[in-house]
Amino acid sequence: MLAALRNGVKGGKWHSLIDKVFRLDTLALGWAQVEKNAGAAGVDRMSVKRFAQARDRYLAELAHALQDGSYRPQPVRRVYIPKGKGRRPLGIPAVKDRVVQAALKLVIEPIFEHEFEPRSYGFRPGLGCKDALREVDRHVKAGYCWVVDADLQSYFDSIPHSPLLARVAGRIADGRVLELIQYFLKQDIMEDVTRWTPTSGSPQGAVVSPLLACRTREEAEAALTRMRAWVDANGLTLHPDKTHVGDCRLEGHGFEFLGYRFEAGQRWVRKKSLMGLRDKIRALTKRCRGDSIEAIIASINPILRGWFGYFQHAHGYTFPFVDGFVRRRLRAILRRQLHRPGQGRCLRDHTRWPNVFFANLGLFTMSEAHRSARQSRCGNN
């Protein structure tokens, strides 16, 4: 198959792929991905842990059902996750169906991955957010400052099935694989006791934000016009409130991308990302929490390290602000443990529990980590 990917296949279409999907070693690789990702149970309430207990039997059953054509996915369990002031619908397939989806992806992904544009970074193996952010940085520094920030509205909820299947069929001729893809697109959705069959969309839920950089306003507006035409032709919709053209060199005309805000020649942490971190810290540093200050610091350090690992290239102003917020929450806990009300803001609290006090307890400090990272980068140049 790898040789065929390099040299191409006759007629440009792939035949006889279903046997690769139901091979036990393919299903085992799919299961390994599902097990690594963990996640909640589907409508059948089978957890990843329970599947693991009879892994070989379940994989053999799936292989047999896929081979004889009797496999049918179960309905997707509909749940909601917070999104801003509202909620976002999320579909949770059964663990068995996630294994089959992973196996199917392993087989067909190389066919399409082979043809993707080099500038495409979303949901691709070996590529991720940091690669896309580096590309944005490169374009901005090269003078491409007029930006078309275009958000596809409810993309995964509105994908037209027929055109999508037609595009897949342009490269895959195995009818059973196409049928399997169609089964997943048309999986019933269950919410409480209600069940229905979707007529469009894919049961995952997300928003895709294509972002184009141009040298002039005219180029940017022309790019947006072409994008609107393509989106309309493919049955999709640009979000009217989140699609705009702006000069990212000017204050108030920047754009948000993958948690950052590019504006006035700087890279900032967007407000929503900053507030999300504050909410997580608040949840772990309630004044009524009965743990020791050492245990509390140990619980928040992984969050602080992970957040800094992603946002370390933001403007340095951000990190002292976050550090101060975290220490203020910890001082308020220490006051409460001494049966004293207050939020840990007064000079006396800073004197009694100075910054070095928390550093000696092992608190991760973003401003210090940022300073060390900058010195390391300077030393390597």
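The structure under discussion appears in the preceding block.
Cut-offs and rules
Residues numbered from 1 in each chain as written. Predicted model: local features only at pLDDT ≥ 70, side-chain atom pairs only at ≥ 80, totals over all residues. Heavy atoms only, no water. Helix = DSSP H or I, 4+ residues; strand = E, 2+ residues; numbered from the N terminus. Buried < 20%, exposed > 50% of the residue type's maximum accessible area, 1.4 Å probe, protein only. Contact = heavy atoms within 4.5 Å. 1 Å grid on protein atoms, 1.4 Å probe; cavity = no way out; pocket = protein on both sides within 12 Å on 5 of 7 lines; lining within 4 Å. Points joined across faces, edges and corners; volume = space filled by probe spheres on them. Nonpolar A, V, L, I, M, F, W, Y, C, P; charged D, E, K, R; others polar. Core = buried A, V, L, I, M, F, W, Y, C linked by side-chain atoms within 4.5 Å. Salt bridge = Lys/Arg side-chain N within 4 Å of Asp/Glu carboxyl O. Axes fitted to C-alpha atoms, helices over the stretch in contact; angles between N-to-C directions. Parallel < 35°, antiparallel > 145°, perpendicular 65-115°, else oblique. Expected span 1.5 Å × (residues − 1). Bend = angle between axes of the 7 residues up to and from the residue. Pairing = 2+ DSSP bridges. Phe/Tyr/Trp six-rings, centres within 6.5 Å; stacked < 30°, edge-to-face > 60°. Lys NZ or Arg CZ within 6 Å of the ring centre and 35° of its normal.

## Section: the overall build of the protein
In step 1: Assigned secondary structure in the protein consists of 17 helices and ten strands.
In step 2: Relative to its 381 residues, the protein shows a buried fraction of 39%.
In step 3: Put simply, 69% of the contacts in the protein that link residues at least 6 apart link residues at least 24 apart.

## Here we look at the layout of surface pockets
In step 1: Looking at the second largest pocket, its volume works out to about 610 Å³.
In step 2: Of all the secondary-structure elements, those providing two or more residues to the lining of the second largest pocket are α7 (129-141), β9 (260-263), β10 (266-269), α13 (293-311) and α17 (366-380).
In step 3: For the lining of the second largest pocket, the residue count by class is seven nonpolar, eight polar and eight charged.

## As for the nonpolar core
In step 1: In this structure, Ile 172 and Leu 180 are the most contacted members of the largest nonpolar core, which totals 39 residues.
In step 2: No other element matches helix α6 (residues 95-113), which puts ten residues into this core.
In step 3: The contact partners of Ile 172, leaving out residues within four places of it in the chain, are Trp 14, Leu 17, Ile 108, Ile 111, Phe 112, Val 177 and Leu 178.
In step 4: Among the nonpolar cores identified, the runner-up in size contains 38 residues, and Tyr 310, Val 326, Leu 330 and Leu 363 belong to it.

## Quick look at the pattern of salt bridges
In step 1: For the coordinates displayed, the defined rule picks out 19 salt bridges.
In step 2: Where Asp 19 meets Lys 20, a salt bridge forms, and the shortest distance between an N and an O atom there is 3.8 Å.
In step 3: Of the residues examined, Lys 20 reaches a relative accessible area of 30% and is grouped as partly exposed.
In step 4: Arg 55 is paired through a salt bridge with Asp 56; the nearest N and O atoms lie 2.5 Å apart.
In step 5: Taken together, the shared-partner salt bridges in this structure form one network comprising Glu 256, Arg 261, Glu 263 and Arg 270.

## A few points about the packing of α13 against helix α14 (residues 318-337)
In step 1: Interaxial distance between α13 and α14 falls to 12 Å at its minimum, and their mutual angle equals 170 degrees. Here α13 lies roughly antiparallel to α14, going by the angle between them. For the pair α13 and α14, the contacting residues are Ile 293, Ile 296, Ile 297, Ile 300, Leu 304, Trp 307, Phe 308 and Phe 311 in the first and Thr 318, Phe 319, Val 322, Val 326, Leu 330, Ile 333, Leu 334 and Gln 337 in the second.
In step 2: Here the residues of the contact of α13 with α14 are counted per class, giving 14 nonpolar, two polar and no charged.

## Comments concerning α6
In step 1: End to end, α6 covers 25 Å across 19 residues, agreeing with the expected 27 Å (1.5 Å per residue, within 8%).
In step 2: Of all the bends in α6, the greatest reaches close to 35 degrees and is centred on Val 107; the proline Pro 110 follows between one and four positions later.
In step 3: What α6 keeps buried is the set Val 95, Asp 97, Arg 98, Val 99, Val 100, Ala 102, Ala 103, Leu 104, Val 107, Ile 108, Ile 111 and Phe 112.

## Points about the sheet that holds β9
In step 1: Spatial ordering of the open sheet is given by β8-β9-β10, a layout of three strands whose pairing is antiparallel. Two strands lie at the open edges of the sheet, namely β8 (255-257) and β10, each paired on one side alone. Across the sheet, the mean angle from the axis of one strand to that of its neighbour is 30 degrees, orientation sign disregarded.
In step 2: The pairing of β8 with β9 spans three bridges and is antiparallel. When the sheet's bridge partners are listed, Glu 256 is paired in β9 with Arg 261.

## With respect to the pairing of strand β1 (residues 76-83)
Put simply, side chains in a regular strand alternate between the two faces of the sheet.
In step 1: Direction of pairing for β1 relative to strand β4 (residues 189-191): parallel, over a ladder of two bridges. Each residue of the ladder has a partner; that of Arg 77, found in β4, is Met 190.

## As for the environment of Leu 66
In step 1: For Leu 66, the position within the fold is in helix α5 (residues 55-68).
In step 2: The buried category is assigned to Leu 66, whose relative accessible area is 4%.
In step 3: As a C-alpha pair, Leu 66 and Arg 176 span 110 residues in sequence and 9.3 Å in three-dimensional space.
In step 4: Once residues within four sequence positions are removed from consideration, Leu 66 is found in contact with Val 21, Phe 22, Leu 27, Tyr 71, Val 100, Arg 176 and Leu 180.

## Looking at unusual backbone geometry
In step 1: Despite not being glycine, Ala 38 shows a phi value in the positive range, around 55 degrees.
In step 2: Looking at where Ala 38 falls in the secondary structure, it is placed in the loop between α3 (24-37) and α4 (48-53).
In step 3: Unlike most non-glycine residues, Leu 258 shows phi in positive territory, near 55 degrees.
In step 4: Examined against the element boundaries, Leu 258 turns out to sit in the loop between β8 and β9.
In step 5: With a relative accessible area of 33%, Leu 258 lands in the partly exposed category.

## Here we look at the packing of aromatic side chains
In step 1: Overall, the coordinates contain twelve aromatic pairs when judged by the stated rule.
In step 2: The interplanar angle of 10 degrees and the centroid separation of 5.1 Å between the aromatic rings of Phe 255 and Phe 262 together place this pair among those described as stacked. This pair shows no difference in class: Phe 255 is buried, exactly as Phe 262 is.
In step 3: Ring centres of Tyr 260 and Tyr 310 lie 5.8 Å apart, and the angle between their planes is 40 degrees; on these two criteria the pair is classed as tilted. One end of the pair, Tyr 260, is in strand β9; the other, Tyr 310, is in helix α13, and 50 residues separate them in sequence.
In step 4: Residue class for Tyr 260 comes out buried when judged on its relative accessible area of 0%.
In step 5: An aromatic cluster is built from Phe 255, Tyr 260, Phe 262, Trp 307, Tyr 310 and Phe 311, whose rings are joined through pairwise contacts.
In step 6: Above the face of the Tyr 58 ring, Arg 57 is positioned so that its terminal group lies 4.7 Å from the ring centre.
In step 7: A cation sits over an aromatic face here: Arg 267 above Tyr 260, 4.6 Å from the ring centre.

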